[in-house]
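# Examining the three-dimensional arrangement
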Amino acid sequence: RSKLAILFVFVDGMGLAPPGPHNPLAALDEGPLSGLGGNATLPAGFGLISADACLGVPGTPQSATGGASLFTGRNAPALVGDHLQGYPNAALRELIARDGLLRKARERGAHVDFANAYTPAFFSRGRTRHRSVTTVMAESSGIPLKRLEHLRRGEAVYREFTNRYLIESGLEIEEISPEEAGARLGRMTRARDLLVYEFFQTDIAGHRGTFEDALEVLGPLNRFLGAAVAELDPARDAFVLSSDHGNIEDMSISSHTTNKVPILLWGKGLSKWPTTGESPGILDVSPGIHTLLREFMLC
């Protein structure tokens, strides 16, 4: 295999906090996420940057502006004057459509893709303003959104990667383990220059769940990520994980936090990531990935 590959996993609502009785990340003692709870060293081969998600705008970071900032490298809350929750508004959709990571990378000649599968119900709703940051980014890049048939053929991964939610909703699909799903994601990465995957059960658990619910999300996620990374070559490939804001790292509250968020790096992501000065932030993520792509595509 001559191709170099980058896997970028966006984990919604996962920040960095000291270990304690309310931080479920501190309960993970192995795997890619085990160094994010503040009480353990990072696994071999991984590096961590603590990144600001507030971006100089008063208030608590939210999903619409945080995600837009993460995937464009632009200060979205400063652009719209506040941290906006939920789906991006017209101004943010315009920003994402113009400067989104996948579109910019594709314009520069990279083979890019978005791994997440969408349900038939999503497509039956028709085109509405209720499009997530990642959906707007993928659609504006010209990438067709993946459907259930892609998932059945092993060419996509659902947001709840075992497919259990789909089965419970009445759809005919095979349930797979976190390890099987992660290996699928890793194999998909090897056939592309850049593959993006979104996981947001972390944010849901942080808002609505208990500490035990958070562990039930983080444990399988950790196994899933470990299996994905195991399919990659650290001498050739890059793994990058980041988030838009904190949430699940503090289960004493049900809201987002102002904590810093991880930029977790592995492989060439670790060795080639550009230095970000004294105050790294989520605005560094998309430019960093573009830097890796330039490095890879020159190889």
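That block above? That's the structure.
What you see is a predicted model; the values in this text were computed from it and never measured. (Residues numbered from 1 in each chain as written. Predicted model: local features only at pLDDT ≥ 70, side-chain atom pairs only at ≥ 80, totals over all residues. Heavy atoms only, no water.)

### Looking at the nonpolar core
Core analysis: the largest hydrophobic core is formed by 44 residues, its most contacted members being Phe8, Phe71, Leu194, Val196 and Ile289. The leading source of residues in this core is helix α13 (residues 285-297), at five residues. Setting aside its immediate chain neighbours within four residues, Val196 contacts Phe8, Phe71, Leu101, Leu102, Asp113, Phe114, Ala115, Asn116 and Met137. Counting 36 residues, the second largest nonpolar core, distinct from the first, contains Ala181, Leu185, Leu195 and Phe224. (Core = buried A, V, L, I, M, F, W, Y, C linked by side-chain atoms within 4.5 Å. Buried < 20%, exposed > 50% of the residue type's maximum accessible area, 1.4 Å probe, protein only. Helix = DSSP H or I, 4+ residues; strand = E, 2+ residues; numbered from the N terminus. Contact = heavy atoms within 4.5 Å.)

### Quick look at unusual backbone geometry
A positive phi angle, near 60 degrees, is found at Leu55, a position not held by glycine. Within the fold, Leu55 resides in the loop between β2 (46-51) and α1 (63-72).

### Focus: the layout of surface pockets
In this structure, the largest pocket encloses a volume near 910 Å³. Along its surface, the largest pocket is lined by 31 residues, and Tyr87, Ser132, Arg159, Glu198 and Phe200 are the ones closest to its centre. Put simply, the parts of the chain that give the lining of the largest pocket at least two residues each are α1, α6 (133-141) and α10 (201-208). With four residues, α10 is the largest single contributor of residues to the lining of the largest pocket. Split by residue class, the lining of the largest pocket holds ten nonpolar, 13 polar and eight charged. (1 Å grid on protein atoms, 1.4 Å probe; cavity = no way out; pocket = protein on both sides within 12 Å on 5 of 7 lines; lining within 4 Å. Points joined across faces, edges and corners; volume = space filled by probe spheres on them. Nonpolar A, V, L, I, M, F, W, Y, C, P; charged D, E, K, R; others polar.)

### A closer look at the packing of helix α9 (residues 178-190) against helix α11 (residues 211-230)
Relative to each other, α9 and α11 sit at 40 degrees, their axes nearing to 7 Å. Classified by the angle between their axes, α9 and α11 sit oblique to one another. Remark: the crossing between α9 and α11 carries right-handed chirality. Facing Pro178, Glu179, Ala181, Gly182, Ala183, Leu185 and Gly186 of α9, the residues of α11 in contact are Pro220, Arg223, Phe224, Ala227 and Ala228. Of the residues in the contact of α9 with α11, the class split is eight nonpolar, two polar and two charged. (Axes fitted to C-alpha atoms, helices over the stretch in contact; angles between N-to-C directions. Parallel < 35°, antiparallel > 145°, perpendicular 65-115°, else oblique. Left-handed = near helix turned anticlockwise from the far one by under 90°.)

### Things to note about the packing of aromatic side chains
Under the counting rule described, the total for this entry stands at ten aromatic pairs. Seen from their ring centres, Phe10 and Phe71 are 5.4 Å apart, and the 90 degrees between their planes marks the pair as edge-to-face. One end of the pair, Phe10, is in strand β1 (residues 6-11); the other, Phe71, is in helix α1, with 61 residues separating them in the sequence. The class of Phe71 is buried, set by a relative accessible area of 0%. Taken together, Phe114, Tyr118, Phe122 and Phe123 form an aromatic cluster joined through their ring pairs. Residue placement shows Arg147 over the ring face of Phe123; its charged tip is 3.7 Å from the ring centre. (Phe/Tyr/Trp six-rings, centres within 6.5 Å; stacked < 30°, edge-to-face > 60°. Lys NZ or Arg CZ within 6 Å of the ring centre and 35° of its normal.)

### So, the sheet that holds strand β6 (residues 261-267)
Sheet architecture is open: six strands sit in the order β2-β6-β5-β1-β4-β3, paired in mixed fashion. Each edge of the open sheet is held by one strand with a lone partner, namely β2 and β3 (112-114). Geometrically, the sheet is characterised by an average inter-axis angle of 15 degrees between neighbouring strands, direction not taken into account. Note: strand β5 (residues 238-242) against β6, five bridges, orientation antiparallel. By the bridge assignment, Ala238 is partnered in β6 with Gly267. Across the sheet, α1 touches β1, β4 (194-199) and β5, and the angle it forms with β1 is around 165 degrees. (Pairing = 2+ DSSP bridges.)

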